[in-house]
Amino acid sequence: MSADFDFMSATALARMVATKAVSPVELTRRALDRAAATQGSLNAFFLLMENEAMDAAREAEAAALRGDALGPLHGVPFSAKDLMAVKGQRYASGSRATADNVADVDAPAVERAKAAGGILIGKTTTSEFGCKPVGDSPLTGVTRHPWDLSKTPGGSSAGAAASVAAGITPLALGTDGGGSIRIPCSLTGLAGIKGQFGRVAVWPTSATPTLAHVGPIARSIEDAALMFSAIAGYDPRDPFSVAGPVPDVQGAVARGVEGLRVAWSPTLGYARPDPEVVAIAEAAARRLADAGAIVEEVDGVFEGDPGDLWMAEFYAGVGTRLRSVVETKRDLLDPAVAVVLEAALAQEMRGYYATVFERYALRDKVRRFFEGYDLLLSPTLPKASVPAGVDVPEGLEDRTLVSWVFYTYPFNLTGNPAASVRAGLAADGMPVGLQIVGRALGEDDVVAAAAAIERARPDEADLFAKRLAPELRS
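### Remarks on the packing of helix α2 (residues 24-38) against helix α3 (residues 50-66)
Here comes step 1: At a minimum axis separation of 8 Å, α2 and α3 run at an interaxial angle of 160°. Comparing their axes, α3 and α2 come out roughly antiparallel. As for how α2 packs across α3, the hand of that crossing is right-handed. Facing α2, whose interface residues are Pro24, Val25, Thr28, Arg29 and Leu32, α3 presents Glu50, Ala53, Met54, Ala57, Arg58, Ala60 and Glu61.
Here comes step 2: Across the contact of α2 with α3, the residue classes tally to 7 nonpolar, 1 polar and 4 charged.

This is the structure:
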């Protein structure tokens, strides 16, 4: 199979499989070969599942040839992040401390993507326990950006984004506890969806159960919506699972944004973005007005930075889950991660619960904000690119391991649905992301706006193939 298929959309590939125009076996073989060939330079995968993937691909091909009813992802390769359980496979969460763990179940999103016909080719890299928004860990080393190998693809869903942006798989499953889908999508120019909290079931129980989301990463919002529809929906194994109907996000792709009330916020009231990032993101936001939305600038969305509330919750959960490792095997951990986990474990109970109640107040404030707006738009990140191997980018050294990202973690605290799509390109050719946040349960509005942004730049359809680093071209 030629490189012509590497950057084809998942939607198109599924259609071609269904009409017998392309072979799931050849698609899967190509994806596995691309993953292996780029592993030394890109390092997107924690492990590849060659035998299992090829067996599934042969079954998918036989079903297509028989004329069986096919699922929406039938024959399409995808990957799953190593913070997710895949039955019979190592479940290390990017850490040497848990490198030999093996999952005995599939996570619900993995299970549903497979049931929809998707072919799982492997598990992708993550920063250790998802604790950093960049793409490296002591277990797997540094994952790199497909457009520029000196840059990070972001994290913690590092390998998931790198795989999709490099044309290895058209789809990937990522997780998002503070922005870990949206952050790498911004840095690599991809589309990713963090649904309403509980919309996509999370199980086995996350170390951060009140913040954790699972969602799709793709090269277009249409493909992201395709996968989201396949994995979303109630699951009794997740106590936070939303029991209501899943919005029609696939229909929303073509729906338009006429009449939507949209707030554009350059800083949310506290962020320190690069001026170039703000200009590119604002230009994208203003395109929604051209498409019929009512766009208004509202910068002071928050009275202050809720980063401390997020850190108290996220790191306390991970720290408690890993207490014995922190106390007895600290040398196995990423030093930067160990420091924040120790601080979280030192929290006093009354102080911790004070932040819990502040979080509830924040959530109510955001609920009231969305009484006046359907959507809130902001940059996804303050930077267009970050060097590989760097925890905190230049100019933001006063920020913490995660708080330098500014924009994403508030909406894990509140649970609102959110997406990131490419707003444009910076002067150095690296992508800038636009974050789109919706009202509670409003994923369809989020997707409709993301699709409208993408329609405003149709000339970038072949961007990924053109931007691929020379070392990754085949």
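Here the narrative resumes, following the displayed structure.
### A look at unusual backbone geometry
Here comes step 1: Here the residue pair glycine 155 and serine 156 is connected by a cis peptide bond, since its omega of 5° sits within 30 degrees of zero.
Here comes step 2: Within the secondary structure, serine 156 sits in the loop between β5 (141-142) and α5 (158-165).
Here comes step 3: Cis geometry is found at the peptide bond from tryptophan 203 to proline 204, where omega equals -5°.
Here comes step 4: The residue proline 204 is located in the loop between β7 (191-194) and β8 (213-218) in this model.
Here comes step 5: Of note in the backbone geometry, asparagine 43 takes a positive phi value of approximately 60° without being a glycine.
Here comes step 6: Residue placement: asparagine 43 occurs in the loop between α2 and β1 (45-48).
Here comes step 7: In this structure asparagine 43 comes out as buried when scored by relative accessible area, which is 12%.
Here comes step 8: Positioned with a positive phi, leucine 268 is a non-glycine residue whose angle comes to about 60°.
Here comes step 9: Tracing the sequence through the fold places leucine 268 in the loop between β9 (261-264) and α9 (275-290).
Here comes step 10: By relative accessible area, leucine 268 is classed as buried at 0%.

### A look at the nonpolar core
Here comes step 1: In this structure, Leu173, Ile221, Leu288, Leu377, Leu434 and Ile436 are the most contacted members of the largest nonpolar core, which totals 76 residues.
Here comes step 2: Discounting chain neighbours no more than four positions away, the residues touching leucine 173 are Phe78, Ser79, Ala80, Lys81, Met84, Ala109, Val110, Ala160, Gly215, Met227 and Ile231.

### Focus: the packing of helix α4 (residues 108-115) against helix α7 (residues 221-231)
Here comes step 1: One way to put it is that α4 packs onto α7 with a least axis distance of 8 Å and a crossing angle of 110°. One way to sum up the angle between α4 and α7 is to call them roughly perpendicular. Within the contact between the two elements, α4 uses Ala109, Arg112 and Ala113 and α7 uses Met227, Ala230 and Ile231.
Here comes step 2: When the residues that make up the contact of α4 with α7 are grouped by side-chain class, the tally is 5 nonpolar, no polar and 1 charged.

### Some remarks on the state of the cysteines
Here comes step 1: Overall, the coordinates contain 0 disulfides when judged by the stated rule.
Here comes step 2: Cysteine 131 takes part in no disulfide bond, and the closest cysteine sulfur to it belongs to cysteine 185, at a distance of 20 Å.
Here comes step 3: The exposure class of cysteine 131 is buried, given its relative accessible area of 1%.
Here comes step 4: The exposure class of cysteine 185 is buried, given its relative accessible area of 1%.

### Remarks on the pattern of salt bridges
Here comes step 1: If you walk through the whole model with that rule in mind, you get 33 salt bridges.
Here comes step 2: Here arginine 58 makes a salt bridge to aspartate 55, at a shortest N to O gap of 2.8 Å. Of this pair, arginine 58 and aspartate 55 both sit in helix α3, 3 residues apart, which is roughly one turn of that helix.
Here comes step 3: Two residues, aspartate 136 and lysine 132, come together in a salt bridge whose shortest N-O distance is 2.8 Å. In this structure, aspartate 136 and lysine 132 share a single accessibility class: buried.
Here comes step 4: Linked through salt bridges whose partners overlap, the residues forming this network are Arg255, Arg261, Asp374, Arg439, Asp444 and Asp445.

### Focus: the packing of aromatic side chains
Here comes step 1: Counted by the stated rule, this structure contains 14 aromatic pairs.
Here comes step 2: Here the aromatic rings of tyrosine 270 and phenylalanine 406 are separated by 6.4 Å at their centres, their planes lie at 55°, and the arrangement is tilted. Placement of tyrosine 270 in the loop between β9 and α9 and of phenylalanine 406 in the loop between β11 (375-379) and α14 (410-414) is noted, with a sequence separation of 136 residues between them.
Here comes step 3: By relative accessible area, which is 14% here, tyrosine 270 ends up buried.
Here comes step 4: For phenylalanine 406, a relative accessible area of 1% translates into the label buried.
Here comes step 5: An angle of 85° between the planes, with centres 5.5 Å apart, marks the rings of phenylalanine 369 and phenylalanine 370 as edge-to-face.

### Section: the pairing of strand β6 (residues 171-176)
Here comes step 1: For β6, a buried count of 6 out of 6 residues is recorded, marking the element as mostly surrounded by other parts of the structure.
Here comes step 2: Alternating positions in β6 separate into two faces, Leu171, Leu173 and Thr175 on one and Ala172, Gly174 and Asp176 on the other, with burial throughout.
Here comes step 3: Sheet topology places strand β2 (residues 77-81) next to β6; 3 bridges connect them, and they run parallel. Bridge pairing in β6 places phenylalanine 78 opposite leucine 171.
Here comes step 4: As paired elements, β6 and β8 share 6 bridges and run antiparallel to each other. Its bridge partner being in β8, aspartate 176 is matched across the sheet by histidine 213.

### Brief notes about the sheet that holds β11
Here comes step 1: Spatial ordering of the open sheet is given by β1-β3-β2-β6-β8-β7-β12-β13-β11-β9-β10, a layout of 11 strands whose pairing is mixed. Of all strands in the sheet, those with a lone pairing partner are β1 and β10 (294-297), marking the two edges. Recorded for the sheet is a direction-independent mean angle of 25° between the axes of neighbouring strands.

### Regarding the environment of leucine 65
Here comes step 1: Secondary-structure assignment places leucine 65 in helix α3.
Here comes step 2: Between the alpha carbons of leucine 65 and alanine 230 there is a distance of 23 Å; along the sequence they are 165 residues apart.

### Some points on α5
Here comes step 1: With respect to burial, α5 is a largely interior element, 8 of its 8 residues being buried.
Here comes step 2: Those residues of α5 lying buried are Ala158, Gly159, Ala160, Ala161, Ala162, Ser163, Val164 and Ala165.
Here comes step 3: Residue glycine 167 follows α5 closely and has a positive phi angle near 80°.

The rules we used
- Residues numbered from 1 in each chain as written.
- Predicted model: local features only at pLDDT ≥ 70, side-chain atom pairs only at ≥ 80, totals over all residues.
- Heavy atoms only, no water.
- Axes fitted to C-alpha atoms, helices over the stretch in contact; angles between N-to-C directions.
- Helix = DSSP H or I, 4+ residues; strand = E, 2+ residues; numbered from the N terminus.
- Parallel < 35°, antiparallel > 145°, perpendicular 65-115°, else oblique.
- Left-handed = near helix turned anticlockwise from the far one by under 90°.
- Contact = heavy atoms within 4.5 Å.
- Nonpolar A, V, L, I, M, F, W, Y, C, P; charged D, E, K, R; others polar.
- Buried < 20%, exposed > 50% of the residue type's maximum accessible area, 1.4 Å probe, protein only.
- Core = buried A, V, L, I, M, F, W, Y, C linked by side-chain atoms within 4.5 Å.
- Disulfide = S-S within 2.5 Å.
- Salt bridge = Lys/Arg side-chain N within 4 Å of Asp/Glu carboxyl O.
- Phe/Tyr/Trp six-rings, centres within 6.5 Å; stacked < 30°, edge-to-face > 60°.
- Pairing = 2+ DSSP bridges.

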